[in-house]
Amino acid sequence: FAIKKGGTLEGGYPVEEVWTVSFPVATEKICDIKTIDPDEIVHSPVSGMGDGRAPRRKYLNPSLIALATQRTGTEGKRALPGVAYTDPSIVIYLIDGITGKIIHRRAQKFGQGPVHLAIAENMVVAHYFNSKSNTFEITTIELYEDPVKTAKAESAALAAESSARNQEMDPDPNADPVFSSLIAPVPTLIQRTYLFTKSITTLAVAKTRQGITSKLFLTGLSSHQIAGIGRNLLDARRPYGEAPPTKDQMADGIVPYHPVLKLETQKFPSYNTTVARVAHITTAPTFLESTSLVFAHGLDLFYTRVTPSGAFDLLSEDFNRPFLAATVSGVIVLLGLTRRWSRQKRLSMLWM
């Protein structure tokens, strides 16, 4: 919905329907829906692909909506334009919140709910159950701008801006480029799917102050624990094969693909504490870029802090603070002495 023009504070702000997306009630049921965090800060708008070429620009749509539906048809295979699937299945929709356009639609065969979604920058993560393999799976979709289509769209935008200047609309020439859903072309996608042996109850992303720290996806496990999954493990750029990573891949932080996603013991914020029936996880940044605050609630309440990339802006507990204080004090004393000696030398030269 959008607010109509002419509304007033006293008379209210009437709204009108701009777009709508309909789903067949008899065969599809909405399982989860997530939107981009409006306060998310993107440190780098580009990402290396591990091939030694120029990095690609991320598709950073602030109005992106991720939606998952459960197909409950009983007639076996069904026809869906552009998507081949077999019921039961999970269908993931990526929708532009401004235009209502379906950017992407992907069916996960034999998928069943419950489905849990999370969005971070250009990355969409979904967790669901695969009825064929009888295990849980996590699929990752990353969106990147098409360089050719984006160049054409930017050229059209520059032409429109020049026309606006001629009409004395006076746009700011120093303004940063803003993403526009009206001219942005359809992005290209990369997808990877991983086997995940754990059932989860919720999925969230740790927030940091400047977005420099590596993304950490937090999951509430059905075993009443909270586990973190690093972005490098969920990365859709991970190459297939058993070949060791190349120098370009290591430079871009890309590790080889492995079908099974294993949890790292050091990435459990709850440690050995039982957090019963986690229903939701909320995160918040701190004044330290390395640290994010985590609050989980359900039957229990749990609060902690995590450092996805390590405490790189904090001094370790075994740091020799007395030695640091003595060193700083010594430097200050030496600066005072050298300043005094310099004055005496300058005075002696004047008397010569």
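Report on the accompanying structure. Small disclaimer: the values here were computed from a predicted structure and weren't measured.

Here's the deal with the sheet that holds strand 20 (residues 301-306)
Then, in step 1: With antiparallel pairing, three strands are arranged side by side in an open sheet as 18-19-20. In this open sheet, the two edge strands, each paired with only one partner strand, are strand 18 (278-285) and strand 20. Within this sheet the neighbouring strands show an average axis-to-axis angle of 20 degrees, counted without direction.
Then, in step 2: Relative to strand 19 (residues 292-298), strand 18 runs antiparallel, the two sharing seven bridges. Paired with Ala284 across the bridge in strand 19 is Leu293.

Some remarks on a nonpolar patch on the surface
Then, in step 1: A surface patch of nonpolar side chains, amounting to about 440 Å² of accessible area, comprises Leu315, Phe319, Leu324, Val328 and Ile332.
Then, in step 2: Checked against the element boundaries, Phe319 lands in the loop between strand 20 and helix 4 (321-351).
Then, in step 3: Assessed through its relative accessible area of 33%, Phe319 is described here as partly exposed.

Here's the deal with the sheet that holds strand 16 (residues 216-221)
Then, in step 1: Strand order across the open sheet formed by three strands is 15-16-17, with antiparallel pairing between neighbours. The open sheet has two free edges, formed respectively by strand 15 (200-205) and strand 17 (226-230), since each of these has just one partner strand. Averaged over all adjacent pairs, the angle separating strand axes in this sheet is 25 degrees, with direction ignored.
Then, in step 2: Pairing of strand 16 with strand 17 involves five bridges; the strand directions are antiparallel. When the bridges of strand 17 are listed, Gly220 appears paired with Ile226.

Describing the environment of Phe268
Then, in step 1: One can find Phe268 in the loop between helix 3 (247-251) and strand 18.
Then, in step 2: For Phe268, a relative accessible area of 15% puts it in the buried group.
Then, in step 3: In this structure the C-alpha to C-alpha distance between Phe268 and Gln225, which are 43 residues apart in sequence, comes to 7.7 Å.
Then, in step 4: Here Phe268 is in contact with Leu221, Gln225, Ile226, Ala227 and Leu263, once residues within four sequence places are set aside.

Thoughts on the side chain of Ser47
Then, in step 1: Among the secondary structure elements, Ser47 is positioned in strand 4 (residues 46-47).
Then, in step 2: With a relative accessible area of 9%, Ser47 lands in the buried category.
Then, in step 3: At 2.9 Å, the side chain of Ser47 forms a polar contact with the side chain of Arg237.
Then, in step 4: With residues up to four places along the chain from it excluded, the contact list for Ser47 reads Pro55, Arg56, Lys58, Tyr144 and Arg237.

Thoughts on the environment of Val46
Then, in step 1: With respect to the element layout, Val46 can be found in strand 4.
Then, in step 2: Taking the C-alpha atoms as reference, Val46 lies 8.8 Å from Tyr144; in sequence the two are 98 residues apart.
Then, in step 3: If we ignore the near neighbours within four places in the chain, the residues touching Val46 are Pro55, Arg56, Arg57 and Lys58.

Details of the pattern of salt bridges
Then, in step 1: Inspection of every chain in the model, using the stated rule, returns eight salt bridges.
Then, in step 2: Between Glu40 and Lys215 there is a salt bridge, with the nearest N and O atoms lying 3.6 Å from each other. Placement of the pair is Glu40 in the loop between strand 3 (28-35) and strand 4 and Lys215 in the loop between strand 15 and strand 16, with a sequence separation of 175 residues.
Then, in step 3: Among the ionic pairs, Glu121 bridges to Lys58, the shortest N-O distance being 2.7 Å. You can see Glu121 sitting in the loop between strand 11 (111-120) and strand 12 (123-130) and its partner Lys58 sitting in the loop between strand 5 (56-57) and strand 6 (64-71), a full 63 residues away along the chain.

With respect to the nonpolar core
Then, in step 1: Core analysis: the largest hydrophobic core is formed by 19 residues, its most contacted members being Val125, Ile138, Phe217, Ile229, Leu234 and Leu261.
Then, in step 2: For this core, the secondary-structure elements that each account for two or more residues are strand 11, strand 12, strand 14 (188-196), strand 15, strand 16, strand 17 and helix 2 (231-234).
Then, in step 3: Ignoring sequence-local partners within four residues, the contact set of Phe217 consists of Ala118, Ala120, Met123, Val125, Leu203, Ala204, Val205, Ala227, Gly228, Ile229 and Leu234.
Then, in step 4: Core analysis: the second largest hydrophobic core is formed by 17 residues, Leu94, Val124, Ile141 and Leu143 among them.

Brief notes about the packing of aromatic side chains
Then, in step 1: Considering all chains together, one arrives at four aromatic pairs under this definition.
Then, in step 2: For the pair Phe23 and Tyr93, a centre-to-centre distance of 5.1 Å together with 70 degrees between the ring planes defines the contact as edge-to-face. Of this pair, Phe23 sits in the loop between strand 2 (15-16) and strand 3 while Tyr93 sits in strand 9 (residues 89-96), and the two are 70 residues apart along the sequence. Accessibility assignment for this pair places Phe23 and Tyr93 in one class, buried.
Then, in step 3: Centroid distance Phe129 to Phe136: 5.1 Å. Interplanar angle 70 degrees. Geometry classified as edge-to-face. Summarising the burial analysis for this pair, Phe129 and Phe136 share the class buried.
Then, in step 4: An aromatic cluster of at least three residues, connected via ring pairs, comprises Tyr194, Tyr240 and Tyr257.

Reading the values: rules and limits
Residues numbered from 1 in each chain as written. Predicted model: local features only at pLDDT ≥ 70, side-chain atom pairs only at ≥ 80, totals over all residues. Heavy atoms only, no water. Pairing = 2+ DSSP bridges. Helix = DSSP H or I, 4+ residues; strand = E, 2+ residues; numbered from the N terminus. Axes fitted to C-alpha atoms, helices over the stretch in contact; angles between N-to-C directions. Patch = residues over 30% accessible without salt bridge, like charges linked within 9 Å, V, L, I, M, F, W, Y side chains within 5 Å. Areas by Shrake-Rupley, 256 points an atom, 1.4 Å probe, with all protein chains shown as cover. Salt bridge = Lys/Arg side-chain N within 4 Å of Asp/Glu carboxyl O. Buried < 20%, exposed > 50% of the residue type's maximum accessible area, 1.4 Å probe, protein only. Contact = heavy atoms within 4.5 Å. Polar contact = N/O pair within 3.5 Å; in protein donor to acceptor, adjacent residues only side chain to side chain. Core = buried A, V, L, I, M, F, W, Y, C linked by side-chain atoms within 4.5 Å. Phe/Tyr/Trp six-rings, centres within 6.5 Å; stacked < 30°, edge-to-face > 60°.

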